[in-house]
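Here is what each chain is made of, one letter per residue.
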Amino acid sequence: MRPAHLCIVLEREFLSTVDGHHTPVMLWGPPGIGKSQLVAQIAAKHQVPIIDIRLSQMEPSDLRGIPFRVDRQVEWAVPALLPAVARHGPTGILFLDEITSAPPSVSAAAYQLILDRRLGEYQVPEGWAIIAAGNRQGDRGVTYTMPAPLANRFSHFEFEVYLDDWVAWAYQNGIDERIIAFLRFRPELLFDFDPAHNPVAFPSPRSWEFAHRALQKFGDNPQLLLGTLQACVGPAAGIELNAFIANLDNLPDLAAIIRGEPVQPPKEIDLKYAVAAALVGLAIRSKRAPNATEIYGHILNFAGQFRHREMGVMLVSDMQRAIGSELFSVPQFAQWAQTIGDIMLYE
């Protein structure tokens, strides 16, 4: 399932705790695609705490607690890491990460916690959702086969990498537009992991964020930039990204475009993707400017000049996702829509 749809599923599962309809969720997917980040986004959106428990680093007693004697009986001290209303609040997300990397003895201790929402005398607060995540066995991570009794305690969702969803996230989080443009140009490199070769560095949504950071730190040092990009996304993807960035000196005058001056789109396909991403970034940064509508109009006019109409559709679609429905009220939008004819815009 694509991330945008999973986000809706997780949010509704969180909200359903109030009505008692919550079902624990298990997210499956390879490393580095953003499973943990998606859960954190839901918690941040609703301003609730998230307790991230890495089961692969725990012993069974870490969940069950430590026994102690009271008179002639043994009771259990509840671990402080488990959610409690007094410490953490009435609502939140209990996130069991790396659950498939936990040894069977630990996953067995989690059975009752996941299905019955309790461990001995401990009870998970009603307003807390339970979400787990893990890698598949074919991903070459440290994984155990999930026991059937544990698997049957979840609803299961496969996390799929989807470029449009990543691009929308990237614009929202200030990822360098050169990386966005490169991945529009080479979409197959958003996630390129071959478990048979077990690479150390490889392209993934997580590692492209690392590449963004490398660009901010080493973009002014060509001697170091290539090596740092390769350290993030692997040798081949790093070389391609570095060459793509080096060619951006041939971009048309972006300032002239947003001033409304006549500028022809570039002929090279990589530069087309680059100018489209750069214009979306300019539109985002102009959102609070007094002349924002005018800038949007000039970008729409430019989008209508692309020989390949799909390129203009991509530009305007990304811009609409980033700035919202106000784009539809810009006078030039209707004119642009006529130029693209039978091509549809999808959200």
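If you're wondering where the values come from, they're calculated on a predicted model, not measured in any experiment.

### Focus: the nonpolar core
- Of all hydrophobic cores here, the largest spans 60 residues; its most connected members are W166, I179, L183, W208 and L327.
- Counting residues in hydrophobic clusters, the runner-up holds 27 residues, among them L63, A102, Y111 and A132.

### Here we look at helix α11 (residues 235-246)
- The first and last C-alpha atoms of α11 sit 17 Å apart over 12 residues, in line with the 16 Å expected at 1.5 Å per residue.
- Those residues of α11 that fall on the buried side of the exposure criterion are A237, G238, L241, F244 and I245. The arc that holds every buried residue of α11, seen down its axis, measures 130°, which confines them to one face. Turned more than 90 degrees away from the buried face of α11, the exposed residues are P235, A236 and A246.

### Structural notes on the packing of helix α9 (residues 205-218) against helix α10 (residues 222-233)
- Here α9 crosses α10 at 165°, and the two axes come no closer than 8 Å. Relative to α10, α9 is oriented roughly antiparallel. The way α9 lies across α10 gives a crossing that is right-handed. Residues S207, W208, F210, A211, A214, L215 and F218 of α9 form the contact with α10, whose participating residues are L224, L225, T228, L229, C232 and V233.

### Overview of the packing of aromatic side chains
- For the structure shown, the criterion picks out 11 aromatic pairs.
- Ring geometry for F191 and F202: centres 6.3 Å apart, planes at 85°, overall edge-to-face. One end of the pair, F191, is in the loop between α8 (177-185) and α9; the other, F202, is in the loop between α8 and α9, and 11 residues separate them in sequence.
- What links up through ring pairs into an aromatic cluster is the set F182, F185, W208, F244 and Y273.

### Section: unusual backbone geometry
- The phi torsion at E98 lies on the positive side, around 55°, for a residue other than glycine.
- Mapped onto the secondary structure, E98 falls in the loop between β5 (91-97) and α5 (104-115).
- Of note in the backbone geometry, R117 takes a positive phi value of approximately 60° without being a glycine.
- As for its position among the elements, R117 is in the loop between α5 and β6 (118-119).

### Observations concerning empty space enclosed by the protein
- Applying the stated criterion across every chain, the model contains two cavities of 30 Å³ or more.
- I99, T100, A102, P104, S107, Y144, T145, M146, P147 and L150 together form the lining of the largest cavity.
- The class makeup of the residues in the lining of the largest cavity is seven nonpolar, three polar and no charged.
- Taken as a whole, the second largest cavity holds about 40 Å³ of empty space.
- Contributing to the lining of the second largest cavity are D164, V167, A168, Y171, Q172, D318, R321 and A322.
- Top contributing element to the lining of the second largest cavity by residue count: helix α7 (residues 163-172), with five residues.

### Overview of α5
- The first and last C-alpha atoms of α5 sit 17 Å apart over 12 residues, in line with the 16 Å expected at 1.5 Å per residue.
- For α5, the full list of buried residues reads V106, S107, A109, A110, Y111, L113 and I114.
- Of the surrounding elements, those touching the buried residues of α5 are α3 (60-64), β5, β6, β7 (122-123), β8 (127-134) and α6 (148-151).
- Trailing α5 by a residue or two, R117 shows a phi angle of about 60°, which is positive.

### Remarks on the domain arrangement of the protein chain
- Splitting the protein chain by domain gives domain 1 (3-158) and domain 2 (163-345).
- Taken over C-alpha atoms, the centre of domain 1 sits 37 Å from the centre of domain 2.
- Across the contact, 11 residues belong to domain 1 and 12 residues belong to domain 2.
- For the pairing of domain 1 and domain 2, the buried interface totals around 900 Å² over both sides, and the portion due to carbon and sulfur atoms is 55%.
- On inspection of domain 1 and its partner domain 2, the count reaches zero salt bridges.
- On inspection of domain 1 and its partner domain 2, the count reaches three residue pairs in polar contact (both at pLDDT 80 or more).
- Within the residue set of the side of domain 1 that touches domain 2, elements represented by two or more residues are α1 (3-15) and α2 (35-45).
- When grouped by side-chain class, the residues that make up the side of domain 1 that touches domain 2 number five nonpolar, four polar and two charged.

Parameters and conventions
Residues numbered from 1 in each chain as written. Predicted model: local features only at pLDDT ≥ 70, side-chain atom pairs only at ≥ 80, totals over all residues. Heavy atoms only, no water. Core = buried A, V, L, I, M, F, W, Y, C linked by side-chain atoms within 4.5 Å. Buried < 20%, exposed > 50% of the residue type's maximum accessible area, 1.4 Å probe, protein only. Helix = DSSP H or I, 4+ residues; strand = E, 2+ residues; numbered from the N terminus. Expected span 1.5 Å × (residues − 1). Arc of directions from axis to C-beta. Axes fitted to C-alpha atoms, helices over the stretch in contact; angles between N-to-C directions. Parallel < 35°, antiparallel > 145°, perpendicular 65-115°, else oblique. Left-handed = near helix turned anticlockwise from the far one by under 90°. Contact = heavy atoms within 4.5 Å. Phe/Tyr/Trp six-rings, centres within 6.5 Å; stacked < 30°, edge-to-face > 60°. 1 Å grid on protein atoms, 1.4 Å probe; cavity = no way out; pocket = protein on both sides within 12 Å on 5 of 7 lines; lining within 4 Å. Points joined across faces, edges and corners; volume = space filled by probe spheres on them. Nonpolar A, V, L, I, M, F, W, Y, C, P; charged D, E, K, R; others polar. Domains from an automatic or database assignment. Buried area = accessible area lost by both parts, 1.4 Å probe. Salt bridge = Lys/Arg side-chain N within 4 Å of Asp/Glu carboxyl O. Polar contact = N/O pair within 3.5 Å; in protein donor to acceptor, adjacent residues only side chain to side chain.

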